[in-house]
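Residues per chain, in single letters:
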Amino acid sequence: LLALEKIAHVENVGMYFLREEHDIRLSFDAPHLLIGQLTKNIVELNDIQFHAWIRGNDVEKEGHGTVLIQYKGDFVGSGKLSQGRLLNHVPKERRLRK
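In what follows, the accompanying structure is described.

Rules and cut-offs
Residues numbered from 1 in each chain as written. Predicted model: local features only at pLDDT ≥ 70, side-chain atom pairs only at ≥ 80, totals over all residues. Heavy atoms only, no water. Phe/Tyr/Trp six-rings, centres within 6.5 Å; stacked < 30°, edge-to-face > 60°. Helix = DSSP H or I, 4+ residues; strand = E, 2+ residues; numbered from the N terminus. Buried < 20%, exposed > 50% of the residue type's maximum accessible area, 1.4 Å probe, protein only. Contact = heavy atoms within 4.5 Å. Pairing = 2+ DSSP bridges.

A look at the packing of aromatic side chains
For the structure shown, the criterion picks out two aromatic pairs. Ring centres of Phe 50 and Trp 53 lie 6.3 Å apart, and the angle between their planes is 40°; this geometry places the pair in the tilted category. Pair noted here: Phe 50 and Trp 53 are both in helix H3 (residues 47–53), with a separation of three residues, about one helical turn. For the pair shown, Phe 50 and Trp 53 are each scored as buried. Each ring, one from Phe 50 and one from Tyr 71, has its centre 4.0 Å from the other, and the planes form 5°; the classification is stacked. Within this pair, whereas Phe 50 is found in helix H3, its partner Tyr 71 is found in strand E5 (residues 65–71), the two being separated by 21 residues in sequence. A residue is classified by how much of its surface remains accessible, and Tyr 71, at 13% relative accessible area, is buried. Taken together, the aromatic side chains of Phe 50, Trp 53 and Tyr 71 make up a single cluster linked through ring pairs.

Dropping the structure here:
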């Protein structure tokens, strides 16, 4: 890392795992790192919901709080359920284009 700092203006290398905002927010990739340890607060999306969500849209879903999102049994990210909606936290660079 020190050698990289000498040739490029890099302050840190890596990715964040979680962030504390109003509550804890997992990074988009965190569920992949925790497979086998995650058993609670998991929301399964159907085909229509997943395709809307991965394009950057909020999805109607019941519940409350931070959840892990599964599609066809695979973890695809995390999000927050609030007032009957799954709020979209998919990074713009990872969204599918229409």
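Observations regarding the environment of Gln 49
Note on placement: Gln 49 falls in helix H3. Overall, Gln 49 belongs to the buried group, its relative accessible area being 15%. Put simply, Gln 49 and Glu 60 are eleven residues apart on the chain and 8.0 Å apart in space, counted from C-alpha to C-alpha. Ignoring sequence-local partners within four residues, the contact set of Gln 49 consists of Glu 44, Val 59, Glu 60 and Lys 61.

Structural notes on the pairing of strand E6 (residues 74–82)
Examined bridge by bridge, E5 and E6 share seven bridges and lie antiparallel to one another. Residue pairing across strands places Tyr 71 opposite Asp 74, the latter belonging to E6. Where E5 folds back on E6, the antiparallel hairpin that results is connected by two residues, among which Lys 72 adopts a positive phi of roughly 55°. Relative to strand E7 (residues 85–87), E6 runs antiparallel, the two sharing three bridges. Bridging from a neighbouring strand, Lys 80 pairs with Leu 87 of E7. The turn joining E6 and E7, which pair antiparallel and follow one another in sequence, is formed by two residues; a positive phi near 50° is taken by Gln 83.

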